[in-house]
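Each chain, letter by letter, is given below.
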Amino acid sequence: MKEFFGIDGYSRTPEGFLSWQHLLFVGSLLTLMTVLSIILGKKNRFGTQKQKNKVLIFTAFLIDGLELFKFFILCYNAKSAEPLLHNLPLFLCSIQLIAIPLAAFTKGRLKETALDFVCIFGILGAIFGTIGAGQNYNAYPVLSFDNVVSGLTHCISGFASLYIMFAKMATLKRENMCITYCILLAYCVAAYIANILIPYNYMFLMAGDGTPYDILYNWVDGSRVLYPMLVIALFLVYITGFYAVCHRIAKKKDKTPAL
């Protein structure tokens, strides 16, 4: 247990990014995430909003509970509160720590926007935060507290995203798209300010750090202006594309003649 929680540091050598241990571990998590979301989503598809919401409430408590437990272990290992500076909820995936509870406990347009946001970014975070997390799997052993909790929280976000889709909870209204843009831009501004003050690399706005963002970083030769602008632009393009694809699919379904 001492070795798993990294007390006094890990003695094991990390298996490495895209090693068979990494791919087996995250593949198992992603498979479990997908299967559970399909089963529960289809089960509650024609249920009441209260029935559908129960799953999101449990998901909200689970993801935030794991994150709080992570803070406790990290601070215990460091014998200080310093790790909190490098674990603020300012990564793209960390927004789900707030968005999922909002989707579970609020009503009206705020709930609609939160559901849309979780739906749009949850699955993206699950893939990038597991398969694409080169910075984690090159630094820590696969079966370590850091990687297990990271894998679980990212897959919980992905589960929430897929569950919302299969349970047909997302509205994806065009009028809510601007609010989604604003939420993302506000987080990017907060993350960039934190990156300068701490300094750190929230939202990967300063460098790729072994993630697929390295492609952009190398493309612009590490430009401190162009690189963060391109990262933010990609987020906005992704949001627009997600809404466009979903509306196109909905239109095709409406035009399909009933048998």
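The structure this text deals with has already been given above.
Cut-offs and rules
Along each chain, residue indices are assigned from 1 in the same order as the chain's sequence is written. Per-residue local features are limited, in this predicted model, to residues with pLDDT of at least 70; the limit for side-chain atom pairs, both in listing and counting, is 80 or more; totals at the level of whole chains, interfaces and linings are taken over all residues. For the side-chain quantities, the full set of heavy atoms in the structure was used; hydrogens and water were omitted. Starting at the N terminus, helices and strands are each numbered in turn, a helix being any DSSP run of H or I of at least four residues and a strand any DSSP run of E of at least two. For every residue, the accessible area (1.4 Å probe, protein chains only) is compared with the maximum for its type, and the residue is labelled buried under 20%, exposed over 50%, or partly exposed between those bounds. Note on contacts: a residue pair qualifies if any of its non-hydrogen atoms lie within 4.5 Å across the two residues. Only the protein chains shown count as cover for residues, and the accessible areas themselves come from Shrake-Rupley with a 1.4 Å probe. His is not counted, nor are the chain ends; Lys and Arg add positive charge and Asp and Glu add negative charge. Note that the charge is assigned to NZ on lysines, CZ on arginines, CG on aspartates and CD on glutamates. The method works on a 1 Å grid over the protein atoms by themselves. A cavity is a set of points holding a 1.4 Å probe that cannot get out, a pocket is an open set with protein on both sides within 12 Å along at least five of seven lines, and residues with an atom within 4 Å of a point line them. Grid points are joined across faces, edges and corners, and a volume is the space filled by probe spheres set on the points. Three categories are distinguished: nonpolar for Ala, Val, Leu, Ile, Met, Phe, Trp, Tyr, Cys and Pro, charged for Asp, Glu, Lys and Arg, and polar for the others, with Gly belonging to the last. What counts as a ring pair is set by centres within 6.5 Å for rings of Phe, Tyr and Trp (its six-membered ring), and what kind of pair is set by the plane angle: stacked under 30 degrees, edge-to-face over 60, tilted for all other angles. In this analysis the charged atom, NZ for Lys or CZ for Arg, is taken to sit over a ring once it is within 6 Å of the ring centre and within 35 degrees of the ring normal. Patches draw on residues past 30% relative accessible area with no salt bridge. Two like charges within 9 Å are joined, as are two nonpolar side chains (Val, Leu, Ile, Met, Phe, Trp, Tyr) within 5 Å. Salt bridges, as used here, are contacts in which a Lys or Arg side-chain nitrogen is within 4 Å of a carboxyl oxygen on Asp or Glu.

Regarding its fold elements, the protein chain presents nine helices and zero strands. Written out in order from the N terminus, the α and β elements of the protein chain read α-α-α-α-α-α-α-α-α. The principal-axis extents of the C-alpha atoms in the protein chain amount to approximately 65 × 40 × 35 Å. Taken across its 259 residues, the protein chain has 46% of its residues classed as buried. Excluding contacts between residues fewer than 6 apart, the proportion of contacts in the protein chain whose partners are at least 24 apart in sequence is 74%. Of the roughly 13800 Å² that the protein chain leaves accessible, carbon and sulfur atoms contribute 71%. Taking the average place of the 22 positive charges on the side chains of the protein chain and the average place of its 14 negative ones, the gap between the two points comes to 17 Å.

Once that is clear, we can look at the layout of surface pockets. Looking at the largest pocket, its volume works out to about 1000 Å³. When contributions to the lining of the largest pocket are tallied by element, the ones reaching two or more residues are α2 (49–78), α4 (108–128), α5 (134–137) and α6 (145–166). Ranked by the residues each element gives to the lining of the largest pocket, the list is headed by α6, at six residues. Classifying every residue of the lining of the largest pocket by side-chain character gives 20 nonpolar, 17 polar and four charged.

Moving on: the packing of aromatic side chains. Summed over the entire model, instances satisfying the criterion amount to 20 aromatic pairs. An aromatic cluster is present here, built from F91, F128, Y200, Y202, F204, Y213 and F235 joined pairwise through their rings. Taking the ring centre of Y76 as reference, the NZ or CZ of K79 above it sits at 4.9 Å.

Here we come to a positive patch on the surface. Positive charge collects at one region of the surface, where R174, R248, K251 and K252 lie side by side. Within the fold, R174 resides in the loop between α6 and α7 (177–197). With relative accessibility at 52%, the residue R174 sits in the exposed group.

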